[in-house]
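Summary of the model geometry
Below are the chains, spelled out letter by letter.
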Amino acid sequence: MSNLVYGNCYIKIAKNNVLASKKFVTLEDLRFIPCILVASRQQENNEQDFYQNTLGFNTKFIFAKTLEEAQLMVIANRGFMPIELIGDKQDKSDLFSKIPLYQDGK
(Lines give C-alpha, C1' and ligand atoms only; values in the text may rest on other atoms or scores of the structure.)
Protein backbone atom coordinates (compact mmCIF):
# COMPACT_ATOMS: atom_id res chain seq x y z
CA MET A 1 0.00 0.00 0.00
CA SER A 2 1.43 3.42 -0.88
CA ASN A 3 0.76 6.70 0.86
CA LEU A 4 -0.94 9.50 -1.04
CA VAL A 5 0.95 12.11 0.94
CA TYR A 6 4.33 11.85 2.61
CA GLY A 7 4.71 14.06 5.63
CA ASN A 8 7.58 14.92 7.89
CA CYS A 9 6.87 14.57 11.60
CA TYR A 10 8.23 17.14 14.01
CA ILE A 11 7.61 18.29 17.53
CA LYS A 12 7.28 21.82 18.82
CA ILE A 13 9.02 22.25 22.17
CA ALA A 14 9.99 25.21 24.35
CA LYS A 15 13.31 26.84 23.46
CA ASN A 16 14.48 26.37 27.07
CA ASN A 17 13.72 22.63 27.14
CA VAL A 18 16.80 20.40 27.29
CA LEU A 19 15.66 18.59 24.12
CA ALA A 20 15.50 21.83 22.11
CA SER A 21 19.19 21.57 21.19
CA LYS A 22 18.93 18.05 19.73
CA LYS A 23 19.10 17.48 15.96
CA PHE A 24 16.20 14.99 16.28
CA VAL A 25 14.17 13.22 18.98
CA THR A 26 12.60 9.80 19.32
CA LEU A 27 9.46 8.66 21.12
CA GLU A 28 11.76 7.26 23.81
CA ASP A 29 13.18 10.78 24.37
CA LEU A 30 9.65 12.11 24.86
CA ARG A 31 8.25 9.48 27.24
CA PHE A 32 8.44 11.72 30.34
CA ILE A 33 7.22 14.92 28.66
CA PRO A 34 3.46 15.49 28.26
CA CYS A 35 2.11 15.47 24.72
CA ILE A 36 -0.11 18.48 23.97
CA LEU A 37 -2.99 17.76 21.60
CA VAL A 38 -5.68 20.04 20.21
CA ALA A 39 -9.12 18.45 20.57
CA SER A 40 -12.63 19.16 21.74
CA ARG A 41 -13.67 17.47 24.97
CA GLN A 42 -15.70 14.97 22.91
CA GLN A 43 -12.65 14.03 20.81
CA GLU A 44 -10.01 13.78 23.56
CA ASN A 45 -10.30 9.99 23.99
CA ASN A 46 -10.13 9.40 20.22
CA GLU A 47 -7.05 11.60 19.86
CA GLN A 48 -5.30 9.99 22.80
CA ASP A 49 -6.11 6.51 21.48
CA PHE A 50 -4.71 7.39 18.04
CA TYR A 51 -1.45 8.82 19.41
CA GLN A 52 -0.98 5.98 21.92
CA ASN A 53 -2.12 2.93 20.01
CA THR A 54 -1.52 3.88 16.38
CA LEU A 55 1.55 6.09 16.60
CA GLY A 56 3.12 4.61 19.76
CA PHE A 57 3.32 7.70 21.97
CA ASN A 58 3.84 6.45 25.55
CA THR A 59 3.42 9.58 27.62
CA LYS A 60 0.90 11.68 29.51
CA PHE A 61 -1.49 13.71 27.33
CA ILE A 62 -2.84 17.19 27.94
CA PHE A 63 -5.42 18.87 25.77
CA ALA A 64 -5.93 22.35 24.40
CA LYS A 65 -9.13 23.60 22.81
CA THR A 66 -7.33 25.70 20.16
CA LEU A 67 -4.01 25.72 18.33
CA GLU A 68 -3.17 29.05 19.96
CA GLU A 69 -3.76 27.58 23.44
CA ALA A 70 -1.59 24.57 22.58
CA GLN A 71 1.23 26.79 21.33
CA LEU A 72 1.10 28.85 24.54
CA MET A 73 1.42 25.60 26.52
CA VAL A 74 4.48 24.68 24.44
CA ILE A 75 6.07 28.10 24.95
CA ALA A 76 5.40 27.77 28.71
CA ASN A 77 7.30 24.42 28.62
CA ARG A 78 4.27 22.38 29.71
CA GLY A 79 4.96 19.70 27.08
CA PHE A 80 5.57 19.10 23.39
CA MET A 81 3.20 19.25 20.47
CA PRO A 82 3.48 16.81 17.54
CA ILE A 83 3.10 18.39 14.11
CA GLU A 84 3.28 17.16 10.56
CA LEU A 85 4.76 19.26 7.79
CA ILE A 86 3.58 18.46 4.30
CA GLY A 87 5.40 19.86 1.30
CA ASP A 88 7.06 23.22 1.78
CA LYS A 89 4.74 24.56 4.46
CA GLN A 90 6.98 25.93 7.18
CA ASP A 91 6.00 27.41 10.52
CA LYS A 92 8.63 29.96 11.40
CA SER A 93 8.65 31.06 15.01
CA ASP A 94 11.33 32.13 17.44
CA LEU A 95 9.13 31.17 20.38
CA PHE A 96 9.73 27.42 20.26
CA SER A 97 12.00 24.85 18.65
CA LYS A 98 10.83 22.55 15.90
CA ILE A 99 12.69 19.21 15.93
CA PRO A 100 12.30 16.18 13.63
CA LEU A 101 10.72 13.12 15.27
CA TYR A 102 12.60 9.98 14.20
CA GLN A 103 11.52 6.36 14.31
CA ASP A 104 13.93 3.55 13.49
CA GLY A 105 16.71 6.03 12.76
CA LYS A 106 14.78 8.05 10.17
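Conventions we followed
- Residues numbered from 1 in each chain as written.
- Predicted model: local features only at pLDDT ≥ 70, side-chain atom pairs only at ≥ 80, totals over all residues.
- Heavy atoms only, no water.
- Phe/Tyr/Trp six-rings, centres within 6.5 Å; stacked < 30°, edge-to-face > 60°.
- Buried < 20%, exposed > 50% of the residue type's maximum accessible area, 1.4 Å probe, protein only.
- Helix = DSSP H or I, 4+ residues; strand = E, 2+ residues; numbered from the N terminus.
- Arc of directions from axis to C-beta.
- Pairing = 2+ DSSP bridges.
- Right-handed = clockwise from strand over helix to strand, strands pointing away.

A few points about the packing of aromatic side chains
The description of an aromatic ring pair uses the distance of the two centres, along with the angle that the planes make with each other. Tallied over the entire structure, the rule returns four aromatic pairs. Ring centres of Tyr51 and Phe57 lie 5.3 Å apart, and the angle between their planes is 80 degrees; on these two criteria the pair is classed as edge-to-face. Among the aromatic residues, those joined into a ring-pair cluster are Phe50, Tyr51, Phe57 and Phe80.

Let's talk about helix 2 (residues 67–75)
Since one α-helical turn is 3.6 residues long, residues separated by three or four positions face the same way. Among the residues of helix 2, Ala70, Met73 and Val74 are the ones counted as buried. One side of helix 2 carries all its buried residues, which in axial view fall inside an arc of 100 degrees. In helix 2, the exposed positions that point more than 90 degrees away from the buried face belong to Glu68 and Leu72. Immediately beyond the C-terminal end of helix 2, within one or two residues, lies Asn77, with a positive phi of roughly 65 degrees.

Brief notes about the pairing of strand 4 (residues 61–64)
Side chains Phe61 and Phe63 of strand 4 all project onto a buried face; the interleaved residues Ile62 and Ala64 project onto the opposite face, where all are buried too. With four bridges connecting them, strand 3 (residues 35–38) and strand 4 associate as parallel partners. Note that in strand 4 the partner of Ile36 across the bridge is Ile62. Of the crossover connections in this fold, the one passing from strand 3 over helix 1 (residues 44–54) to the parallel strand 4 is right-handed.

Description of unusual backbone geometry
Backbone geometry at Asn77 places phi at a positive 65 degrees, although glycine is not the residue there. Here Asn77 lies in the loop between helix 2 and strand 5 (81–86). Classification of Asn77 by relative accessible area gives partly exposed; the value is 33%.

Any functional reading would require information beyond the geometric quantities listed.
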